[in-house]
Amino acid sequence: MGFDLKEFENKLWKTADDLRANSSLKYNEFSTPVLGLIFLRFADYRFQKAKPEIEKLKSNSSRRAFDEKNAYQARGVLFVPEKASFKYLLNLPEGESAGSALNEAMSLMENENPILKGVLPKNYLRIPDDLLVSTMKIFNDVEFDRNNGDIFGKVYEFFLGKFASSEGQKGGEFYTPTCLVKLLVEIMKPFHGKVYDPACGSGGMFVQTAEFAKRENKDSDKSVNDLITVEGQEKTEETVRWCKMNLAVHGLEGDVKQANSFYEDVFDSVGKYNFVLANPPFNVDGVDKERLKGDKRFPFGLPKADNANYLWIQMFYSALKVPKDGENSRAGFVMPNSASDARQTEQTIREKIIKDNAVDVMVSVGSNMFHNVTLPCTLWFFDKGKKNTDRKDKVLFLDVREIYTQIDRAHREFTDEQIEFITNIVKLYRGEKPEYKWGSKKLTLEHFPDKKYRDVKGLCKVATIEDIEKQGWSLNAGRYVGVKEVEEENYVFEEKLQELNTELEKLNLESKDLEDKIAHNIKQLLGV
């Protein structure tokens, strides 16, 4: 039987209830021990899976001192000492404290794997032993290999949805669904080079980038860490720890630092990276613009609007290398729909980026893709090397709001087949061959029978910079793609009603955002 995320989440919620009732943990500390146990379970799973191969190498080795630990780590697998294995921890000698054993296990993991130094939780004595054992049994039943995606990130997403403070949610900080990250990565193609995320959260962008790089690797002698270098900033200390754990358990040797990316550029990012991927907090207000004057990361000026969307956009733009000798220089990131049409100084900044030929692809995504909000969004893609191709002065607009799979009443996602179809459109636009690894051949050829790009009403449109100028420098795909003609016999009332309801939710969100901004401005004027 495959991994059932919904069932797993229900078990997590039950575990959280037990923690709340039976431990001395504070309300905002529930995720700490749970994520620590999931980390250990996943690390142990990967270790045990690699063990037969390593044991075989060890027995066949002619060297007297076979470096067993290095053999695991060379394969991107953390070394798990016997006393840190789940089998040992679930079969402790009678009378031995599970809390003490887990604290020791975390210390052993840090000692054996320097990449984890100071990262793992060690607060298990605050939880009753019977509760720890029952929680470990829940995680012991998880079939990690059956889960297609970043399980650690999905669990992080779950805890954000359940335990994030209302202030955090108002700040627009939402975990990026794995399907959106996969779409970003598939369009970006970050198979080699330096990768940056200045709002890296739990590291989901890095994990999917690594998966892509490994899949595209043609050199068996190279590990994923030979192919890509990942660096990230995250403002919350606890989230930095979870990100480091996530990278470590996936065999990535990235550098993640705690920093407020508005004011700190700890990696000296300007012109440094081949790829930038990010899902920054939306519509952040209150940024002290005075502290940003003269910062090279904002080459097109500081927006007057009291939200940080166009600060983030310029950070991503400026972090990209000026490409030489076929180097990649691409960014892919998530933005609220409002950023595509923002006026005044934001429009001026957008116009400059468009005229610089940096904007390559814009993808409008429907609502209900995020775990805990109905918010629709837009995926932006930059390519600083585009001006040297036949795509110069052109932008591909995609409207994929009608492409999704309904998971439950409140949640949607892209399947691998749907991601492949969307990516194939981009490939055709770039003059590349489409791929059919995930079964989208029929869908792709239905729209592009001659395997060449063409505009499809309601789906995709290549617009020139002159077209975009006529639209007031808007990057809203709906302005260019148009509306698909609906055949009367295929008209389904329920689907139309759902579409209208989605649009209403979007308008309600925008209305609430506007109300909040007006209230904020009035308070400032009154000095309240």
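Residues numbered from 1 in each chain as written. Predicted model: local features only at pLDDT ≥ 70, side-chain atom pairs only at ≥ 80, totals over all residues. Heavy atoms only, no water.

Caption draft 1: Structural detail: the side chain of Glu-231. Position of Glu-231 relative to the elements: it lies in strand S2 (residues 228-234). Within the structure, Glu-231 has its side chain in polar contact with the side chain of Lys-272 (distance 3.2 Å). A polar contact of 2.5 Å, which involves the side chain of Glu-231, links it to the side chain of Tyr-273. Apart from the residues within four sequence positions on either side, Glu-231 is in contact with Val-195, Tyr-196, Asp-197, Phe-206, Asp-255, Phe-267, Lys-272 and Tyr-273. (Helix = DSSP H or I, 4+ residues; strand = E, 2+ residues; numbered from the N terminus. Polar contact = N/O pair within 3.5 Å; in protein donor to acceptor, adjacent residues only side chain to side chain. Contact = heavy atoms within 4.5 Å.)

Caption draft 2: Structural view of the pairing of strand S9 (residues 405-408). When S9 meets strand S10 (residues 411-413), the two strands line up antiparallel, connected through 3 bridges. Counterpart to Asp-408 in the pairing with S10 is His-411. The hairpin turn running from S9 into S10, its antiparallel successor, is 2 residues long. (Pairing = 2+ DSSP bridges.)

Caption draft 3: The arrangement of the pattern of salt bridges in detail. Applying the stated criterion to the full structure yields 27 salt bridges. We note a salt bridge from Asp-356 to Lys-387, for which the minimum N-O separation is 3.3 Å. Taken together, the residues span a long stretch of sequence, with Asp-356 in the loop between helix H14 (344-355) and strand S6 (359-365) and Lys-387 in the loop between strand S7 (377-383) and strand S8 (394-399) at a distance of 31 residues. For Lys-387, a relative accessible area of 34% gives the class partly exposed. Between Asp-360 and Arg-430 there is a salt bridge, and its shortest N-O distance comes to 3.3 Å. Placement of Asp-360 in strand S6 and of Arg-430 in the loop between helix H15 (416-429) and helix H16 (441-447) is noted, with a sequence separation of 70 residues between them. Given a relative accessible area of 0%, Asp-360 falls into the buried group. We classify Arg-430 as buried; its relative accessible area is 12%. What you see here is one network of salt bridges that share partners, running through Glu-186, Arg-215, Glu-216, Lys-427, Glu-435 and Lys-437. (Salt bridge = Lys/Arg side-chain N within 4 Å of Asp/Glu carboxyl O. Buried < 20%, exposed > 50% of the residue type's maximum accessible area, 1.4 Å probe, protein only.)

Caption draft 4: Representation of the environment of Arg-454 within the structure. Following the sequence through the fold, Arg-454 ends up in the loop between H16 and strand S11 (460-464). Sequence separation between Arg-454 and Tyr-429 is 25 residues; the distance between their C-alpha atoms is 8.2 Å. If near-sequence neighbours (up to four positions away) are discounted, Arg-454 is found in contact with Glu-446, His-447, Phe-448, Pro-449 and Cys-460. Polar contacts involving the side chain of Arg-454 include one to the main-chain carbonyl oxygen of His-447, which spans 2.7 Å.

Caption draft 5: Structural view of unusual backbone geometry. At Asp-268, a position not held by glycine, the phi torsion is positive, near 50°. Along the chain, the position of Asp-268 falls in the loop between strand S3 (255-258) and strand S4 (275-278). On the accessibility criterion, Asp-268 (58% relative accessible area) is exposed. Phi at Asn-283 is positive, roughly 55°, even though this residue is not glycine. For Asn-283, the position within the fold is in the loop between S4 and helix H13 (309-319). Overall, the relative accessible area of 23% leaves Asn-283 in the partly exposed class.

Caption draft 6: A look at the nonpolar core. By size, the foremost hydrophobic cluster in this structure holds 53 residues, and its most contacted members are Ile-228, Val-365, Leu-379, Leu-398 and Phe-414. With 8 residues, the top contributor of residues to this core is helix H9 (residues 178-188). In this structure, Leu-379 is in contact with Leu-183, Leu-184, Phe-333, Val-334, Val-361, Met-362, Val-363 and Val-365, ignoring residues within four places of it in sequence. Counting 48 residues, the second-largest nonpolar core is a separate cluster that includes Phe-8, Phe-39, Met-109 and Met-245. (Core = buried A, V, L, I, M, F, W, Y, C linked by side-chain atoms within 4.5 Å.)

Caption draft 7: Broad picture of the confidence of the model for the protein chain. Confidence in the prediction of the protein chain, expressed as mean pLDDT, is 86, and 85% of residues score 70 or more. Within the model, pLDDT remains below 50 along residues 164-172, and this stretch shows 12 contacts once partners closer than five positions in the same chain are excluded. (pLDDT = per-residue confidence, 0-100.)

Caption draft 8: Quick look at the sheet that holds S2. If you trace the 9 strands from one edge of the open sheet to the other, you get S3-S2-S1-S4-S5-S7-S6-S8-S11, paired in mixed fashion. On the outer flanks of this sheet lie S3 and S11, each paired with one strand and no other. Going across the sheet, the axis of each strand differs from the next one's by a mean of 20°, ignoring polarity. Bridging between S4 and strand S5 (residues 330-336) involves 4 bridges; their strand directions are parallel. Its bridge partner being in S5, Leu-277 is matched across the sheet by Gly-332. Strands in contact with helix H12 (residues 237-249) are S2 and S3; relative to S3, the strand with the most contacts, it is inclined by about 170°. In the packing of H13 onto the sheet, the strands contacted are strand S1 (193-197), S4, S5 and S7, and the crossing angle to S5 comes to about 175°. (Axes fitted to C-alpha atoms, helices over the stretch in contact; angles between N-to-C directions.)

Caption draft 9: Fine view of helix H2 (residues 31-60). Along its 30 residues, H2 runs 43 Å from first to last C-alpha, staying within 8% of the 44 Å computed at 1.5 Å per residue. Helix geometry: H2 is bent most strongly at Lys-51, by close to 40°, with proline Pro-52 lying one to four residues after it. (Expected span 1.5 Å × (residues − 1). Bend = angle between axes of the 7 residues up to and from the residue.)

Caption draft 10: How the structure looks around the packing of H2 against helix H6 (residues 129-140). H6 packs onto H2 with a crossing angle of 45° between their chain directions and a minimal axis gap of 10 Å. When the axes of H2 and H6 are compared, the pair comes out oblique. Along this stretch, H2 crosses H6, giving a crossing that reads as right-handed. When H2 is examined against H6, the residues Val-34, Leu-37, Ile-38 and Arg-41 are found in contact with a partner set consisting of Thr-135, Met-136, Phe-139 and Asn-140. A class-by-class count of the residues in the contact of H2 with H6 yields 5 nonpolar, 2 polar and 1 charged. (Parallel < 35°, antiparallel > 145°, perpendicular 65-115°, else oblique. Left-handed = near helix turned anticlockwise from the far one by under 90°. Nonpolar A, V, L, I, M, F, W, Y, C, P; charged D, E, K, R; others polar.)

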